[in-house]
Amino acid sequence: MNKTNINWLIKKKEGLYCIPGDFFIDPILPVKKALITHAHTDHARPNNQFVLSSKNTIDLMKLRYGKNCFKSSQVCKFRENLNINDVKVRVYPAGHILGSIQFLINYKGYKLLVSGDYKRMYDQTCDSYQPVNCDTFITEATFGLPIFKHPDDKEEAKKLIKSVTENKGSTHLIGVYALGKCQRLICLLRSLGYEDTIYLHGALIKISEYYSKNDIKLGKIKSASGKNPEKLINKIILCPPSSLNDKWSQKFIEVIKGYVSGWMRIRQRVKQKNIELPIIISDHADWNEILKTIKDVNASEVLVTHGREEALVSHLNNHNYKSSALNLIGFEDENE
Ligand SMILES: [Zn+2]
Ligand SMILES: [Zn+2]
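Note that the coordinates shown come from a computational prediction; the quantities given were computed from them, not determined experimentally.

## Brief notes about the nonpolar core
Grouped together as the largest cluster of nonpolar side chains are 92 residues, with contacts concentrated most on Phe-103, Leu-113, Leu-185, Ile-237 and Leu-238. Per-element accounting of this core gives the leading share, 6 residues, to helix H3 (residues 181-191). The residues that make up this core include at least three from each of domain 1 (9-147 + 283-325) and domain 2 (153-279). Leaving out residues up to four positions away in the same chain, Ile-237 has contacts with Thr-171, His-172, Leu-173, Ile-174, Tyr-199, Ala-224 and Leu-232.

## Let's talk about unusual backbone geometry
For Asp-26, which is not a glycine, the phi torsion comes out positive at approximately 45°. For Asn-320, which is not glycine, the phi torsion reads 65° and is therefore positive. Topologically, Asn-320 is positioned in the loop between helix H7 (309-318) and strand S19 (322-325).

## Structural notes on the domain arrangement of the protein chain
The accessible area lost on association of the parts is a frequent measure of interface size. Domain parsing of the protein chain yields domain 1 (9-147 + 283-325) and domain 2 (153-279). Here the C-alpha centre of domain 2 lies 29 Å away from the C-alpha centre of domain 1. Listed by partner, the interface residues are 15 residues for domain 1 and 14 residues for domain 2. Along the lines of polarity and charge, the residues of the side of domain 1 that touches domain 2 split into 7 nonpolar, 5 polar and 3 charged.

## Topic: the packing of helix H2 (residues 153-166) against H3
The contact between H2 and H3 brings their axes to 9 Å, and the two run at 80°. By the angle between their directions, the pair H2 and H3 is classed as roughly perpendicular. Note on element contacts: H3 touches H2 through Leu-185, Leu-188 and Leu-189, opposite Asp-153, Lys-154, Ala-157, Leu-160 and Ile-161.

## Focus on the sheet that holds strand S3 (residues 23-25)
On the basis of which strands lie adjacent, the open sheet formed by 6 strands has the order S1-S2-S3-S4-S5-S6 and mixed pairing. A strand with exactly one partner marks an edge of an open sheet, and here the two such strands are strand S1 (9-12) and strand S6 (70-75). In this sheet, neighbouring strand axes are inclined to one another by 30° on average, regardless of whether the strands run parallel or antiparallel.

## What to know about the packing of helix H1 (residues 55-65) against helix H4 (residues 205-213)
Helix packing geometry: the angle between the two helix axes and the distance between the axes. Packing of H1 against H4 brings their axes to within 10 Å, and their N-to-C directions diverge by 155°. The angle between the axes of H1 and H4 places the two elements in the roughly antiparallel class. Regarding H1 and H4, the two cross each other, and that crossing is right-handed. Facing H1, whose interface residues are Asp-59, Leu-60 and Leu-63, H4 presents Lys-206, Ile-207 and Tyr-210. Looking at the contact of H1 with H4 residue by residue, the class counts come to 4 nonpolar, no polar and 2 charged.

Definitions and limits used
Residues numbered from 1 in each chain as written. Chains lettered and ligands numbered in written order. Predicted model: local features only at pLDDT ≥ 70, side-chain atom pairs only at ≥ 80, totals over all residues. Core = buried A, V, L, I, M, F, W, Y, C linked by C-beta atoms within 7 Å. Buried ≥ 20, exposed ≤ 12 C-beta atoms within 10 Å, placed from the backbone. Helix = DSSP H or I, 4+ residues; strand = E, 2+ residues; numbered from the N terminus. Domains from an automatic or database assignment. Contact = placed C-beta atoms within 7 Å. Nonpolar A, V, L, I, M, F, W, Y, C, P; charged D, E, K, R; others polar. Axes fitted to C-alpha atoms, helices over the stretch in contact; angles between N-to-C directions. Parallel < 35°, antiparallel > 145°, perpendicular 65-115°, else oblique. Pairing = 2+ DSSP bridges. Left-handed = near helix turned anticlockwise from the far one by under 90°.

What follows is the structure, encoded as structure tokens:
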């Protein structure tokens, strides 16, 4: 790590480590004490001894990894004051997926805000991002280039409904990330008046049912497995992106392949993955959202992680911020 304002935060092989609190944030290897921002698999990994996170994240980790994926856990509520050794910790919503939080870590009056993954666009499946004043802000930069400007998510979801209406006799197979994107897309379709049953690949069911149980209204959803492919004509089937091209997908009739991702802005990726219906919806901040957030949190120093670090760092350095790349390994938002 380059020289930063904070000498009590270091990088270890397990991940980002707070010395006075003796804890890691989103560690990539098992540790004694882990603070977890959200349940995506690159941030929340199994086998830590103790996990501190939101109720939803802890539930989702158990759902994905099993009940014994950590020895003990503690649920933290928004804006509750926690003391870990000499460190004060508070959590705030990050607007990324259900249960996603940011950690405000205060040591001797110096405030560090670790945002994990976040976005500013409204999303009915999770609490909206809340900017919090801090001295040092750690931001992701998954879409940290000026070319990334996410379009309106409802307009993107409309493309899918339009395609279903216009292409009678076909089956729409849509790749979505299992946690977050899947449920957000379903909510968007419902808010646009799409009331038909939405069919799900088996890998999407557990998490979607968890969302439903937590008052996120997904309408009629059913498993696609064991269904006669004839019966799925004119329907929407959601599946993990990796299933778009595997054996599972071959049984369906007159398939139109779609993929919901911020990466669908890049034509080369659309071509590479053979996508006929690219839908640009992202759970990450785009370039303008990142810059707006940096202003909103009033930080004097910005540390940048997973993504296009160099572009954002040099932009910030040119605009009177102290900024450097964290260069953390193990974070892949390929499937965002
Ligand atoms: Zn994430
Ligand atoms: Zn991430």
